[in-house]
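So you can see what is in the structure, the chains are spelled out below.
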Amino acid sequence: MLLMASHGAIALLCLLLGAHFLLTPARRRAPLLLLGFTYLLYAVQSIFLLLQLSAVELGAANLRPVGAMLLAPASWLFWRLLQRINGDWRWQDALHLLPAALTLLLLLTKSPLRALLDLIILASFTGYLLAILWQLRKGPSALYGLAQDAQVAWRYLLLQALLLGINLLIEVLVWLEVTNDAPLVGGHLANSQVLLPGALLFLLVHIVAVLVALQRSRLLEWLYQLQFAVPISSGPISSISISAEPQQPTTVLLKATADKPAEQNLQASATSSDTADLPADEGGQLDVDGKLAAVLQRWLAL
């Protein structure tokens, strides 16, 4: 009973988070749309599990393996969108949908290869998680296109990788239970010793995610203001200069004001030099007539 209640709460929270990310306006829509789709996918997975726990016979309509084959690629594509300078989709991204499409084909055709679906799902989670961790090892510099948001974005992606790792761990433990069939009475998932702790852990994670979204924490706020300020450059990454604090118009105005006395001093210095070159009389005093004549000649020469 507690297991079903936990997954019901997870499904509700994920639906709310998914709707939040899909409907929230942002400068860059692609990462938010993908994040919203991922949370909706988590909600659908929990709903399918609830139906299984309720002994509802789904048959070919049980698309939970297809959803599982989409979760890991979605996490990877979210990382890739943040790494790209323009932050847009590419046609190559559709290739990550092929494993899920093949899984759907196996389910619909009732192929004997369906017995390997659990291992295929585990391989998908493991491969994508390793790829994400390989990118995370570079630190925030891997997200240089995000400028001052790179640090907080890297931390958020680290938490996403942790969530994917927890998902993989639960999948492995459930697979071991189903394979051994020792802890399960008649093979029913309701008697699993792994699903309940996993569900409670996921529920805690999603409650924290909802609180972070409601408080508009810095850990999530950068997503709404996301912009890729670094221009595309053919040179190495190390040659790209990233300004952490963009210059404000007030600063420019103050600099322009501060430069005016310098210009006035320069003009005064030029006038003094002109005066110093003027002829003097024999007694050491300036000859006013000679001074005026020299100034007039220089002005005419201009």
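**Student:** Which parts of the structure should I look at to understand the packing of helix α2 (residues 29–53) against helix α6 (residues 150–180)?
**Tutor:** Any two packed helices are characterised by the angle at which their axes cross and by the distance between the axes. The interhelical angle for the contact between α2 and α6, taken along N-to-C directions, is 25°, at an axis separation of 14 Å. Taken together, the axes of α2 and α6 are roughly parallel relative to one another. Crossing of α2 over α6 shows left-handed handedness. Taking contact as the criterion, the partners of L35, Y39 and Y42 in α2 are, on α6, Y156, Q160, L163 and N167. In the contact of α2 with α6, the residues fall into five nonpolar, two polar and no charged.

**Student:** Just checking my understanding: could you explain the side chain of S124 for this structure?
**Tutor:** Mapping S124 onto the fold places it in helix α5 (residues 117–136). Residue class for S124 comes out buried when judged on its relative accessible area of 10%.

**Student:** I'm lost on a nonpolar patch on the surface in this one. Help?
**Tutor:** On the surface, L15, I47, L51 and V56 cluster together into a nonpolar patch covering about 280 Å² of accessible area. One can find L15 in helix α1 (residues 2–23).

**Student:** Help me understand the environment of V212, please; the structure alone is not making it clear to me.
**Tutor:** Along the chain, the position of V212 falls in helix α7 (residues 195–214). What makes V212 buried here is its relative accessible area of 19%. Setting aside residues no more than four positions away along its own chain, V212 makes contact with S217 and L220.

**Student:** Would you mind showing me how to read the pattern of salt bridges here?
**Tutor:** Where charged atoms from two side chains of opposite charge come close, those side chains can pair. All chains considered together, the criterion is met by two salt bridges. Measuring nitrogen to oxygen at the nearest pair gives 2.8 Å for the salt bridge that ties R84 to D93. This pair shows no difference in class: R84 is buried, exactly as D93 is. R218 serves as the salt-bridge partner of D149, at 2.7 Å between the closest nitrogen and oxygen. In this pair, D149 sits in the loop between α5 and α6 while R218 sits in helix α8 (residues 218–224), placing the two residues 69 residues apart along the sequence.

Rules used throughout
Residues numbered from 1 in each chain as written. Predicted model: local features only at pLDDT ≥ 70, side-chain atom pairs only at ≥ 80, totals over all residues. Heavy atoms only, no water. Axes fitted to C-alpha atoms, helices over the stretch in contact; angles between N-to-C directions. Helix = DSSP H or I, 4+ residues; strand = E, 2+ residues; numbered from the N terminus. Parallel < 35°, antiparallel > 145°, perpendicular 65-115°, else oblique. Left-handed = near helix turned anticlockwise from the far one by under 90°. Contact = heavy atoms within 4.5 Å. Nonpolar A, V, L, I, M, F, W, Y, C, P; charged D, E, K, R; others polar. Buried < 20%, exposed > 50% of the residue type's maximum accessible area, 1.4 Å probe, protein only. Patch = residues over 30% accessible without salt bridge, like charges linked within 9 Å, V, L, I, M, F, W, Y side chains within 5 Å. Areas by Shrake-Rupley, 256 points an atom, 1.4 Å probe, with all protein chains shown as cover. Salt bridge = Lys/Arg side-chain N within 4 Å of Asp/Glu carboxyl O.

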